[in-house]
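Summary of structural features
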Amino acid sequence: MNNSSQPKWSVEEAARIVRESYGTVIPQGMGVAESLYDFDEIGWLPESVKDYALGLGNPIRYADLQVGEIVLDVGSGAGIDTFIAAKKVGPTGRVIGLDMTPEMLERARANQQILGLTNVEFREGKMEQIPLDEASADVAISNGVINLSTKKGQTFRELYRVLKAGGRLVFSDSVVNGQLPRSVLDSEAAFAG
Ligand SMILES: C[S@@+](CC[C@H](N)C(=O)[O-])C[C@H]1O[C@@H](n2cnc3c(N)ncnc32)[C@H](O)[C@@H]1O
């Protein structure tokens with residue numbers, strides 16, 4: 001019996017569970033988006049973005065994004081924070097949305113086409129091995145994603161590597177205060193949900 005407080009999965013198994021979960025996720029309706037964002041932040045976005053808001057907070061509200069900055073959105077999903085960031089940094093800035101689930105990247109790129117944003121790029125990759133040069137981003141944001149990493153130390157080292165000196169990391173996530181029961185730790189749905 002495994003008594004540790006860690007999920008029982010290998011990194012590869014965890015990636016499979018997360019990919020399957022987010023590859024098949026269904027639209028959530030507007031509830032999450034409306035609870036996390038103000039109308040002036042998301043009123044301009046199509047339903048195909050807002051229906052797939054899966055975050056846990058609103059990191060951009062605390063990121064103090066400036067015109068011209070380069071932003072990395074870790075686990076960008078269908079793109080809601082990527083697009084809000086793109087509006088804030090403007091055409092002289094750039095936002096890179098990183099996600100490892102092909103279906104999510106497909107949704108995000110379709111949404112980018114609808115919005116006609118040219119300062120956004122979606123890249124396939126993992127937060128544990130970020131496909132970005134060192135010291136290349138001013139700001140990294142993430143919303144409801146880092147909890148899904150089974151190598152959080154490596155993820156934070158990667159974020160430190162790709163941020164410029166003095167760069168900012170702002171993320172919303174869930175934390176566990178106490179010990180989760182083994183039945184929850186061993187549940188794929190609880191892990192990916
Ligand atoms: C809860 S959703 C959040 C999506 C988005 N940030 C939002 O607020 O709507 C988690 C996203 O992180 C992605 N993800 C999970 N683990 C990842 C990893 N190791 N590397 C990159 N992306 C990952 C999933 O594919 C999914 O799109």
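First, a word on what this report is: a plain description of the structure on this page. Please read all numbers here as calculations on a predicted model, not as lab measurements.

Reading the values: rules and limits
- Residues numbered from 1 in each chain as written.
- Predicted model: local features only at pLDDT ≥ 70, side-chain atom pairs only at ≥ 80, totals over all residues.
- Heavy atoms only, no water.
- Pairing = 2+ DSSP bridges.
- Helix = DSSP H or I, 4+ residues; strand = E, 2+ residues; numbered from the N terminus.
- Axes fitted to C-alpha atoms, helices over the stretch in contact; angles between N-to-C directions.
- Contact = heavy atoms within 4.5 Å.
- Salt bridge = Lys/Arg side-chain N within 4 Å of Asp/Glu carboxyl O.
- Buried < 20%, exposed > 50% of the residue type's maximum accessible area, 1.4 Å probe, protein only.

**Concerning the sheet that holds strand E1 (residues 70-74)**
Spatially, the five strands line up as an open sheet ordered E3-E2-E1-E4-E5, and their pairing is parallel. The sheet terminates laterally at strand E3 (120-124) and strand E5 (163-172), the two strands that pair on one side only. Looking at each pair of strands side by side, their axes are set apart by 20° on average, direction ignored. By the bridge criterion, six bridges tie strand E4 (residues 137-143) to E5 in an arrangement that is parallel. The residue bridging serine 142 from the neighbouring strand is phenylalanine 171, located in E5. Seen against the sheet, helix H6 (residues 80-89) touches E1, strand E2 (94-99), E3 and E4 and runs at an angle of roughly 170° to E2.

**Examining the pattern of salt bridges**
A full pass over the atoms with the stated rule returns ten salt bridges. Residues arginine 16 and glutamate 20 are paired through a salt bridge, measuring 3.3 Å at the closest nitrogen-oxygen approach. Here arginine 16 pairs with glutamate 20, and both are found in helix H1 (residues 11-23), just four residues apart, close to one helical turn. When its relative accessible area of 35% is taken as the criterion, arginine 16 is described as partly exposed. The partly exposed category is assigned to glutamate 20, whose relative accessible area is 44%. One salt bridge connects arginine 16 with glutamate 188, and the closest N-O pair in it is separated by 3.3 Å.

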